[in-house]
Amino acid sequence: MSLPHSISQDLLINFIELITAQTGLAIRDQDRNTLSRKIWTRMNRLGLTSPQFYYRLLSIGAGQNNREWQEFVLLLTNIESYFFRDRGQFSLLRTQILPEIIERAAQTKTLRIWSAGCSTGEEPYSLAMLVWELLGDRPDWQVTIIGTDINEDALHRARCGRYTSWSFRTTDETFQQKYFTTTRNYYQINERLRSMVKFRYLNLFKDAFVALDPPLEQIDLILCRNVFIYFEPSAIAQTLDKFYYRLKECGYLMTGHAELYNQNVSQFQTKIFPESVIYQRPQPQFIPVREIPPSLPRSPLPRLEKPLAVTHSTPRPIDPTVALLAQAQYLFTLKKYSVALDKAQQVLRLQAENLEAHYLVAQIRANTGHYEQAVQSCHRVLSLDPFSVKAYTLLAQIAEEVGDREGTKNFLKKIIYLEPKSLFAYGELSYIYELEGHWQKARKMYKATLTLLEDLPLTQKVSDREPLTVGELKAKIQQKLNNFA
Ligand SMILES: C[S@@+](CC[C@H](N)C(=O)[O-])C[C@H]1O[C@@H](n2cnc3c(N)ncnc32)[C@H](O)[C@@H]1O
């Protein structure tokens, strides 16, 4: 079978294997069409018509020195990031991990921190702010913060240190005021902080982590968050090994939540805090305690049973996550958020990739005002299903809630791209354009909304969230259009 833009399945598999072999990134079956589109985007740019030729072009010395490979990688990576992403983890870093590391380094006065997969720099700069808050201006200390990434565009933006308000979506305003200067719509990180962070190209999967300046050795703290969610499990395992040897004894590794689920982390000492799990390279005398006795199955995933001979007395094996998730969803409708969250998280402990459970967590977090975590869960949903309209809808609602109008518009446009008949997205966009005084755009959107309403019964409610009927909404829009005229 041939996919859109006619790349044969066999060739597409070659592309996928090349990508995984070069980057560790996993391309799931449901992402094949998207990949095919990306390949064609590049081919069109280069004026190529043969995917086989493009494949050869990419595979010749794929890596940093192959310019086309660099361009292609830009399309493969998700570079979403923002300052102090995950309040819980940053609070843990500020109150416990960094003070402990600083205390341990009192003699040498040397700190080495690495943000691996740093994207546009928000993560290493957030670390720089925390270090600055804790240490102050101490020229007698040697503080090195390194940000590495495979995406050269992201690194360029990181080096510039210029951000829009979207990067501050969950940041305490005092940090913004203290460490940034405002220029029109941009926020420029101050020079002191900018010079604290060195950005370097590094492919976490392929590169050996040697010959980098500053060298990646004797690291006190590695943050590698929201990177492994895109990796093949075997690529995570390899990268973890490399991290282990780059850490100092007692040095820490922090990943995104549940990103090491099902990985063997026994060489590390696992420390569990309410805000996050963190992994420590132990001192030599430490003998890791096995949490799971070897006689029990090592995989926490429910095992697949051999199909049983069907007899009337043999009940079908029940997947415990189905019932748990149903309970969680029911509790959510009753607004019993804390128990619902507890159950959804139980589901995720059993099935880290349960999309519905991630989405429910996102809804609970959003409804309880934990927007940062809600956004993170939405992104988890999108990593599992990049076409999830409900995740984008929730992201749009959160962006609106936190006053991020540009973000709201972007998410609404994505929804329209994925669901061209989305009443919600058209309605919201019309309203925003009207608020902004973009009458032409607003009129166009309102007209499109009217067209969408055309086929619906007049007495039907527009949506669960809206008290209006289709007829009432049509009348309202018509009135607005008359006012514009
Ligand atoms: C979603 S961003 C995470 C940014 C930041 N750590 C955070 O949590 O906000 C993921 C980053 O991982 C990078 N990445 C993906 N594969 C990589 C690889 N093989 N080597 C290095 N970086 C990689 C991407 O380019 C992207 O910038």
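Residues numbered from 1 in each chain as written. Predicted model: local features only at pLDDT ≥ 70, side-chain atom pairs only at ≥ 80, totals over all residues. Heavy atoms only, no water.

**Focus on the domain arrangement of the protein**
We apply this condition: Where each domain begins and ends is defined by an automated method or by a domain database. By definition in these notes, contact holds between two residues if any of their heavy atoms fall within 4.5 Å. Summed over both partners, the accessible surface that disappears when two parts come together, traced with a 1.4 Å probe, is what is meant by buried area. Salt bridges, as used here, are contacts in which a Lys or Arg side-chain nitrogen is within 4 Å of a carboxyl oxygen on Asp or Glu. Polar contacts, as used here, are pairs of N or O atoms within 3.5 Å; protein pairs need one atom able to donate a hydrogen and one able to accept it. Residues neighboring in sequence count only if both atoms are side-chain atoms. Under the convention adopted here, Pro, Cys and the residues Ala, Val, Leu, Ile, Met, Phe, Trp and Tyr are nonpolar, Asp, Glu, Lys and Arg are charged, and Gly plus all remaining residues are polar.
Along its sequence, the protein is carved into domain 1 (9-76), domain 2 (87-280), domain 3 (336-418) and domain 4 (421-485). Between domain 2 and domain 3, the residue contacts involve nine residues of the former and 13 residues of the latter. Of the roughly 1,000 Å² buried where domain 2 meets domain 3, counting both sides, 55% is carbon and sulfur surface. A per-residue breakdown of the area domain 2 buries against domain 3 is headed by Trp166, Ile229 and Tyr261, which together make up 48% of the total. Put simply, domain 2 and domain 3 have one salt bridge between them. Arg87 is the salt-bridge partner of Glu372, the closest N and O atoms lying 3.9 Å from each other. There are three residue pairs in polar contact (both at pLDDT 80 or more) connecting domain 2 and domain 3. In terms of residue class, the side of domain 2 that touches domain 3 is built from four nonpolar, three polar and two charged.

**Description of the site of the ligand**
Under the convention used in this document: Proximity is defined per residue: any heavy atom of the residue falling within 4 Å of a molecule or strand makes that residue near it. Surface accessibility in these figures is a Shrake-Rupley result with a 1.4 Å probe; residues are shielded only by whichever protein chains are displayed.
Close to the ligand lie 21 residues; Ser81, Arg85, Gly117, Asp149 and Asn226 are nearest. Asn203 is positioned such that a nitrogen or oxygen atom in its side chain is 3.2 Å from a nitrogen atom of the ligand. Relative to its free-state accessible area of 600 Å², the ligand is covered by the protein chains to the extent of 99%. Its residues placed into classes, the shell around the ligand shows seven nonpolar, nine polar and five charged.

**A closer look at the pairing of strand β8 (residues 247-255)**
For clarity, the threshold we go by: In this scheme, a residue with accessible area under 20% of its type's maximum is buried, one over 50% is exposed, and one in between is partly exposed, where area comes from a 1.4 Å probe on protein chains only. In this description a helix means any DSSP run of H or I spanning at least four residues, a strand means any run of E spanning at least two, and both kinds are numbered starting from the N terminus. A pair of strands is treated as paired once DSSP finds two or more bridges between them. Handedness of a crossover is defined as follows: orient the strands so they point away from the viewer, and if the path from the first strand over the helix to the second runs clockwise, the crossover is right-handed.
Counting buried residues along β8, seven of its nine residues qualify, which places the element largely inside the surrounding structure. Relative to β8, strand β7 (residues 219-224) runs parallel, the two sharing five bridges. Looking at β8, one finds that Ile219 is bridged to Leu247. The parallel pair β7 and β8, bridged by helix α10 (residues 233-246), forms a crossover whose chirality is right-handed. Note that β8 and strand β10 (residues 277-280) share two bridges and pair antiparallel. Across the sheet, residue Tyr252 finds its bridge partner in β10, namely Gln280.

**Quick look at helix α6 (residues 122-135)**
As a reminder of what qualifies: Under the convention used throughout, the expected extent of a helix is 1.5 Å for every residue step, that is, one less than its residue count.
Its 14 residues place the ends of α6 20 Å apart at the C-alpha level, agreeing with the 20 Å of an ideal helix rising 1.5 Å per residue. Among the 14 residues of α6, twelve are classified as buried, and the element is accordingly described as predominantly covered. Among the residues of α6, Glu122, Glu123, Pro124, Tyr125, Ser126, Leu127, Ala128, Met129, Leu130, Val131, Trp132 and Leu135 are the ones counted as buried. Downstream of α6 by one or two residues, Gly136 has phi in the positive range, about 75°.

**Thoughts on the packing of aromatic side chains**
The criterion, for reference: Working definition: rings of Phe, Tyr and Trp (its six-membered ring) pair if their centres are within 6.5 Å, and the pair is stacked with planes under 30 degrees apart, edge-to-face with planes over 60 apart, and tilted otherwise. Sitting over a ring, as applied to charges here, requires NZ of Lys or CZ of Arg to be within 6 Å of the ring centre and within 35 degrees of the ring normal.
What the rule picks out here adds up to 23 aromatic pairs. The interplanar angle of 75° and the centroid separation of 4.8 Å between the aromatic rings of Phe83 and Tyr163 together place this pair among those described as edge-to-face. One end of the pair, Phe83, is in the loop between α4 (67-76) and α5 (87-104); the other, Tyr163, is in strand β3 (residues 162-163), and 80 residues separate them in sequence. With respect to class, Phe83 is no different from Tyr163; both count as buried. Ring plane angle 85° and centroid distance 4.8 Å describe the contact between Phe168 and Phe180, whose orientation is recorded as edge-to-face. With Phe168 in the loop between β3 and α8 (173-179) and Phe180 in strand β4 (residues 180-183), this pair connects stretches of sequence that are twelve residues apart. We note that Phe168, like Phe180, is buried. Taken together, the ring pairs in this structure connect Phe83, Tyr125, Tyr163, Phe168, Phe180, Tyr187 and Phe199 into an aromatic cluster. Seen from the ring of Trp166, Arg169 lies directly overhead, with NZ or CZ sitting 3.7 Å from the centre. The ring of Tyr244 has Arg281 lying over it, and the distance from NZ or CZ to the ring centre is 4.5 Å.

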